[in-house]
Each structure stands twice: as structure tokens, then as C-alpha cells.
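Spelled out, the chains give:
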Amino acid sequence: MQMTAYAPGRVELLGNHTDYNEGVVLSAAIDRGITITGEASGGSLISLQSADREVTIDLANGLPEPLATNTWANYLLGVVRGLLEAGYPVAGFSAKISSTLPTGAGLSSSAALEVATCLFSEKLFGFSLSPLDRAKLCKRAENVFVGVNCGLLDQVSSVFGAENAAIFLDCRAETVANVGFPDGFELLITDSSVKHELTGGEYNERRAQCFEAAKVLGVKALRDTTSEAVLAAPLDDVVRRRALHVTGEIERVFRGVELLRTGNGAGFGELMWASHESSRVNFENSTEELDALVEIAHQIPGVYGSRLTGGGFGGATVSLIDAGKADAISSEIQKRYVEKVGIECKTYLSRLSQGAR
Ligand code: GLA
């Protein structure tokens, strides 16, 4: 019998690089994602087909190992391996993968692929994980099978999205809550057209610097300290700026949740500008192109806030805009971006959407 599973991408709204520091983060599932459709093959073969590529592996040869070519399939195979290791009855299947999510834009196409694979396997082979366990298994697959030490943000966002609501994730308590999004505002995503690649090593380097700061500060994680304490501590300049970004972001997330709850979109937007500035100056995970997009957004009426979204080092920005003005704002951003940077950008108006299903 044919089964279909769908998992969305996400935007991070505030709380950049806080997840692996046991902090808090605000995100939303977007209205683009990845669909997997297929059926059990009755044997041990797993055949995967995406738009223009195909991969077949045989479970009879043992647990899946990471592929050196066709690395896109590793996000799926890592989840299959994780499920098998946890004792779930996954067997051979054939599946087609299709996507409405741009890859390399920092909108978590990888997490969407992992979560869709997990849900697809659950439905196909008749077992079920709790939503949080699903997110955690997918994160682990990315950590151990793909080799990116990401936190839980992307997978939780893909699993826990809700219509018109942001997702508030506490990475220490591992709790997730939906926070209603204020009326009259919309999210506009702008892809800088410069690919974001987390396998580049910068991500893991930033992570190590955060852990170093926590060690010098004598705390378990940067979650346990404040920007004030970071400023007063005997830290190396670079490490201090990395830590300040994280503590500042955690503080902004707590304020941001209150602002969303009271319907204060304009106040929330202010925090988004501050977040980007901290990425640019402290965490240095922005790029010239992302900075240009945020500067341009700042000059356009109807934009309340804008920041890079996700890991950084390329990818996209997310802007909070007046509802109903997306067309005018998008064409203005596109025009000024070509003038300023010399390349084109793509914009996507996105609803805050339901999670994987
Ligand atoms: C990437 C990672 C997430 C998170 C963000 C930055 O999206 O996959 O776990 O660390 O970067 O906030």
C-alpha cells in the first residue's frame, strides 16, 4: 500500500545558535517542505528516487553506512539506521522524494527530509514515535550519520509547527510550546542566493567556542549565564563575542515570547534587528549578502524587523512585515539587492504552518 509523509522546513525567528547551548529559541514551520511517497518492497532493498537522482542500498548487507556520493540520501539513511538501531521494524521500501523547499537556503531542508523519512517509515511499517522522540531521533541521525553537530531546533520545528503560531523550544527542559502569532503581520523569507553549507566546519567551530566560554565561566552551558557576566569574565575577545551573541539571543527570546503574547509585532521586530546585528558583529556568522538584505529591509516602510535565519554563513533572512504588503516589499528588496550586490535574490511569503503529517 502506498504511503505519503510530508515535513515542512522552518524559519528561526529569534534565538540564533542557542539550541546547543541549552538555551531557548523561537521558530516556525513554513508552508514549504518535503514529501515522500512510496511502498514496502517486501525485501531488503531500499530504493530512493529524487528529482534527478537514484540510490539503492541493500539492508541485507547490514545497517546503512554513510554514502560518499549521493550524500543527499544520507539524511534518509541516517534515520533508517537510527530506527533499526532502536529496534523498530524497518525493512526494504521504494520511495520518491519531492520538495518545494529550496536547498542551501538555511530553511532546514535536511531536517524536513529526516522528519519526513521518520514519519513515512512509521506509517509504512506500523509503529509510532512520540513527536519529541521523532525529532530527537532525526537530530541524532544528522549528528552521527551526516556529521553535523546541530541542536534540536530544526527537527523540533518541522515536527511541532502549528498554523499561525511560533514554536518556543526550551532546549534544556526539552519542552515545546506554541505561541500565537500577532494579527496584521506576515513573514517574508529572502534567499540571498549564496548557499549555506553547514558541513563547512564553521558551525562546529562556533559550537566549540561557545563551550570554551562556558568552561571559562564555570557553567555547564551558556544558558546558565548572562550577558553581564560574560562582559565581566576574563575571556579572549573572540570567545567573548561568541558568548555574548548566545546570551543576548536567549535574553531576546524571553522578551520576544512576551511581545508575541501581547500582540506587539513591532516590538518583536526590534529584537530581530538586534539579533542580526549581534550575528554580524559578535558571532560573525553573517555574510556580506545577508547584511545587504537586512540593510535594505531596514529602509523599506512596512518592514518591522529582519535577520538572518538559521546557521548563517549564507542562506536566507526572515523579515516581519505588514500583512498585505508582501508584493510591494518583495519587489523593492529584489530591485535594491541586484543594485547593491549584483546578484538576484528570491523572496517567499510564508504562512506559519502545521508540522509534519
Ligand atoms: C542550524 C542548526 C540548528 C541551530 C541553528 C542556529 O539550523 O541545524 O540546530 O543551531 O543552525 O540557531
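All of the points below concern the structure found in this document.

### What to know about unusual backbone geometry
Stage number 1. The phi dihedral of Asn70 falls on the positive side, at around 55°, and the residue is not glycine.
Stage number 2. Tracing the chain through its elements places Asn70 in the loop between β4 (54–58) and α1 (74–85).
Stage number 3. One non-glycine residue with positive phi stands out, namely Glu174, at about 55°.
Stage number 4. If you trace the backbone, Glu174 turns up in the loop between β6 (165–170) and β7 (175–180).
Stage number 5. Owing to a relative accessible area of 29%, Glu174 belongs among the partly exposed residues under this scheme.

### Some words on the site of the ligand
Stage number 1. Near the ligand you find 15 residues, and of these Glu12, His17, Asp19, Asp154 and Tyr203 are the closest.
Stage number 2. Separating an oxygen atom of the ligand from a side-chain N or O atom of Asp154 is a distance of 2.5 Å.
Stage number 3. For the shell around the ligand, the secondary-structure elements that each account for two or more residues are β1 (3–14) and α4 (153–160).
Stage number 4. Of the residues that constitute the shell around the ligand, the class distribution is five nonpolar, six polar and four charged.

### Some words on the sheet that holds strand β8 (residues 185–191)
Stage number 1. Ordered in space as β9-β10-β8-β11, the four strands form an open sheet in which the pairing is antiparallel. Strands with a single pairing partner mark the edges of an open sheet, and in this sheet they are β9 (303–308) and β11 (346–350). With strand direction ignored, the average angle separating the axes of adjacent strands in the sheet is 20°.
Stage number 2. Sheet analysis places β9 next to strand β10 (residues 316–322), joined by five bridges and oriented antiparallel.

### Description of α1
Stage number 1. Its twelve residues place the ends of α1 16 Å apart at the C-alpha level, agreeing with the 16 Å of an ideal helix rising 1.5 Å per residue.
Stage number 2. Most of α1 sits inside the fold, with ten of its twelve residues counted as buried.
Stage number 3. For α1, the full list of buried residues reads Asn74, Tyr75, Leu76, Leu77, Gly78, Val79, Val80, Arg81, Gly82 and Leu83.
Stage number 4. If you follow the buried residues of α1, they end up packed against β2 (24–40), β3 (45–49), β4, β5 (93–99), α2 (109–125) and α3 (131–146).
Stage number 5. Among the residues trailing α1, Gly87 stands out with phi positive, at a value near 90°.

### Description of the pattern of salt bridges
Stage number 1. For the structure on display, the rule yields 24 salt bridges.
Stage number 2. The partner of Arg241 in a salt bridge is Glu284, and the shortest N-O contact between them spans 3.0 Å. You can see Arg241 sitting in helix α7 (residues 237–261) and its partner Glu284 sitting in the loop between α8 (265–283) and α9 (288–298), a full 43 residues away along the chain.
Stage number 3. Given the relative accessible area of 18%, Arg241 is considered buried.
Stage number 4. Assessed through its relative accessible area of 36%, Glu284 is described here as partly exposed.
Stage number 5. In this structure, the salt-bridge partner of Glu284 is Arg242, at a minimum N-O distance of 3.0 Å. Here the residue Glu284 occupies a position in the loop between α8 and α9, and Arg242 occupies one in helix α7, the gap between them amounting to 42 residues.
Stage number 6. Since its relative accessible area comes to 5%, Arg242 is described here as buried.

### Remarks on the nonpolar core
Stage number 1. Residues Val11, Leu13, Leu26, Leu48 and Phe93 are the most contacted members of the largest nonpolar core, which totals 93 residues.
Stage number 2. If near-sequence neighbours (up to four positions away) are discounted, Leu13 is found in contact with Leu26, Ser27, Ala28, Ala166, Phe181, Leu187, Phe268, Met272, Arg307 and Val318.
Stage number 3. Counting 15 residues, the second largest nonpolar core, distinct from the first, contains Ala292, Leu293, Ile321 and Ile329.

Criteria and cut-off values
- Residues numbered from 1 in each chain as written.
- Predicted model: local features only at pLDDT ≥ 70, side-chain atom pairs only at ≥ 80, totals over all residues.
- Heavy atoms only, no water.
- Helix = DSSP H or I, 4+ residues; strand = E, 2+ residues; numbered from the N terminus.
- Buried < 20%, exposed > 50% of the residue type's maximum accessible area, 1.4 Å probe, protein only.
- Near = heavy atom within 4 Å.
- Polar contact = N/O pair within 3.5 Å; in protein donor to acceptor, adjacent residues only side chain to side chain.
- Nonpolar A, V, L, I, M, F, W, Y, C, P; charged D, E, K, R; others polar.
- Pairing = 2+ DSSP bridges.
- Axes fitted to C-alpha atoms, helices over the stretch in contact; angles between N-to-C directions.
- Expected span 1.5 Å × (residues − 1).
- Contact = heavy atoms within 4.5 Å.
- Salt bridge = Lys/Arg side-chain N within 4 Å of Asp/Glu carboxyl O.
- Core = buried A, V, L, I, M, F, W, Y, C linked by side-chain atoms within 4.5 Å.

This is a description of form; function is not addressed.
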